[in-house]
Amino acid sequence: MVAGCTQPAAMKIIGKESIFTSLKQDGPFTCRESVPSAPPFSGEVKNWVRLYCREQTDMTKYRSVRNQIFEFLDVDSFNEIQELIDNQEQRDKRQDRAKLLLGNMFGIEGNVREIEIKLNEYARTANDVITYLRSKVLAPFFSHIETTNEIQMTSNPLDLLLIVFNNRYHKKARFEAKRKLTLMNLAGSIDQRERETDIEKKFSEFLAFLNDHVWSPTMKIGELEIAYLVSDHEPENFSCTNVKVVSEAMLSELKDVPGQKVTLIKRRRFQSQDKEYPIYVTIRKKSPEAKVLKLLRKNEKNPAVAVDDELGLMAVLNTINDVKQFQKHLTQSALKINSFMTLEDISDTLTGQRYKNSAVGSSEKTQMLKFFARQGGIRVEFILHTNKSYLNYIYQRDVAHDEYEVKRIFDTGVATLLFPPDIYNLDHQQIRELQLRRFRRQIEDF
């Protein structure tokens, strides 16, 4: 496919406001066919300044990144970088220093070997970001965006940075080395925050609270009741018009009806006012690669600002009244352990209001009750659905999560930033429409 898509205005990540300056292919760190080697005051350099450094902000960003490169490599000029590339002994001398610098930056305790283990973990996350996109959102273009073998296998930040300036490497490989460094840096920031907040331990304690005080004591921990949601859908937008809950035994009696869906759910129970209510619950825990992608979508490097929903639960109940009962039961259960639970940032569109969300790609037709529960030193996001709104979340046109995932990767500019058209020869606007149609077929035909 040939490049040439129109960029929506929402794409801050590839516009003037982008904080990912080093990755932009229309910026001062553009990967060209060969590494620039012109003298400082040559005509080529003067043209470069006119093209990329028209404003003071652009020059400041460039100098900031350039100085970081020099400090990390312990050099004073780009010419010294080439000398470093040609001198194995000098590279070896800088390896431990580079790892210690990164270890101190990310608050990694331990010796060089322990820091190296963490850096390898960040490299795996960087690889996983690309693998995730290749396996789902960009699956039909798996081969187009495959990472160069040498970059896929390299985990050492100093080696990756030197590849960026090494003319022996192809333009695509040099870009991918730079991209991997950026993704590793985001992975390191995320890991540092998780260690500082002890989020995993606190979430485990929150799940224990649910088992001990929220879910029904008549069921064992992990015991689930299988049920099926049999739903009819509007032909035009595939929204749910009717849904009934049936058991596995009743499933064989159903007739095959056009536009009908059968969705399996496994439900727990909770008790409120001497009545038991069925509830399907799934943990919404963002993987490291998902957190990295969210930072990119938000044009943000600070996970404390951008990733506020890293841990959460999605629950599905039969009716709106059941949803309200669970919300009340949740806060009352906290009182049993002498704790107060506050519900923050409440958004309720289950009763027909339009969903107001600034997230690019989200639909105002989305129906849910969303809030953050603060208790036990942790802030957990809850998304509550009725059976009907849950089915719309899966199947409805312009609302379905699979479609939303495609939109937010393309409409935020993440696809363009990670896979620049001039390097990967892809038309992102065309791919976006193709993938939306592909997911829509999968949703409606299977």
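Residues numbered from 1 in each chain as written. Predicted model: local features only at pLDDT ≥ 70, side-chain atom pairs only at ≥ 80, totals over all residues. Heavy atoms only, no water.

> Tell me about the pairing of strand S4 (residues 275-285), and please be specific about residues and values.
Bridge count for strand S3 (residues 260-272) against S4 is six bridges, and the pairing is antiparallel. What sits directly across from Phe-270, in S4, is Tyr-277. Counting the residues that bridge the hairpin from S3 to S4 gives two residues, and of these Gln-273 lies at a positive phi of roughly 55°. Pairing analysis gives six bridges linking S4 to strand S5 (residues 311-317), with the strands arranged antiparallel. Following the sheet pairing, Tyr-280 is matched in S5 by Val-316. (Pairing = 2+ DSSP bridges. Helix = DSSP H or I, 4+ residues; strand = E, 2+ residues; numbered from the N terminus.)

> I'd like to hear about the side chain of Gln-396, residue by residue, with values.
Tracing the sequence through the fold places Gln-396 in the loop between helix H14 (387-395) and helix H15 (401-411). You can call Gln-396 buried: its relative accessible area is 8%. Ignoring any residue separated from it by four or fewer positions in sequence, one finds Gln-396 in contact with Asn-237, Phe-238, Ser-239, Lys-365, Leu-391, Glu-403 and Arg-440. (Buried < 20%, exposed > 50% of the residue type's maximum accessible area, 1.4 Å probe, protein only. Contact = heavy atoms within 4.5 Å.)

> So what about the pattern of salt bridges? Which residues, and what values?
Within this structure, the stated rule accounts for 29 salt bridges. Between Asp-26 and Lys-24 there is a salt bridge, with the nearest N and O atoms lying 4.0 Å from each other. For Lys-24, a relative accessible area of 13% gives the class buried. As a salt-bridge pair, Arg-397 and Glu-444 come within 2.7 Å of each other at their nearest N and O atoms. With Arg-397 in the loop between H14 and H15 and Glu-444 in helix H18 (residues 428-445), the pair connects residues that are 47 residues apart, well separated along the chain. Judged by relative accessible area, which is 25%, Arg-397 ranks as partly exposed. Salt bridges sharing partners connect three or more residues here, namely Lys-118, Glu-121, Asp-191 and Arg-195. (Salt bridge = Lys/Arg side-chain N within 4 Å of Asp/Glu carboxyl O.)

> Help me get a handle on the packing of helix H5 (residues 112-135) against helix H8 (residues 171-197), residues and values and all.
Two elements in contact, H5 and H8, have axes whose closest approach is 8 Å; the angle formed by their N-to-C orientations is 120°. The crossing of H5 and H8 is right-handed. Residues Lys-118, Leu-119, Glu-121, Tyr-122, Ala-123, Thr-125, Ala-126, Asn-127, Val-129 and Ile-130 of H5 form the contact with H8, whose participating residues are Arg-179, Lys-180, Leu-183, Met-184, Ala-187, Gly-188, Asp-191 and Arg-195. Of the residues that constitute the contact of H5 with H8, the class distribution is nine nonpolar, three polar and six charged. (Axes fitted to C-alpha atoms, helices over the stretch in contact; angles between N-to-C directions. Left-handed = near helix turned anticlockwise from the far one by under 90°. Nonpolar A, V, L, I, M, F, W, Y, C, P; charged D, E, K, R; others polar.)

> Mind laying out helix H2 (residues 56-73), listing which residues take part and the relevant values?
Helical geometry note: an α-helix holds 3.6 residues per turn, so side chains three or four residues apart project in the same direction. Over its 18 residues, H2 extends 26 Å from the first C-alpha to the last, a length consistent with the 26 Å expected when each residue adds 1.5 Å. Listing the buried residues of H2 in full gives Asp-58, Met-59, Tyr-62, Val-65, Ile-69, Phe-70, Phe-72 and Leu-73. Immediately beyond the C-terminal end of H2, within one or two residues, lies Asp-74, with a positive phi of roughly 60°. (Expected span 1.5 Å × (residues − 1).)

These values are about where atoms sit, not about what they do.
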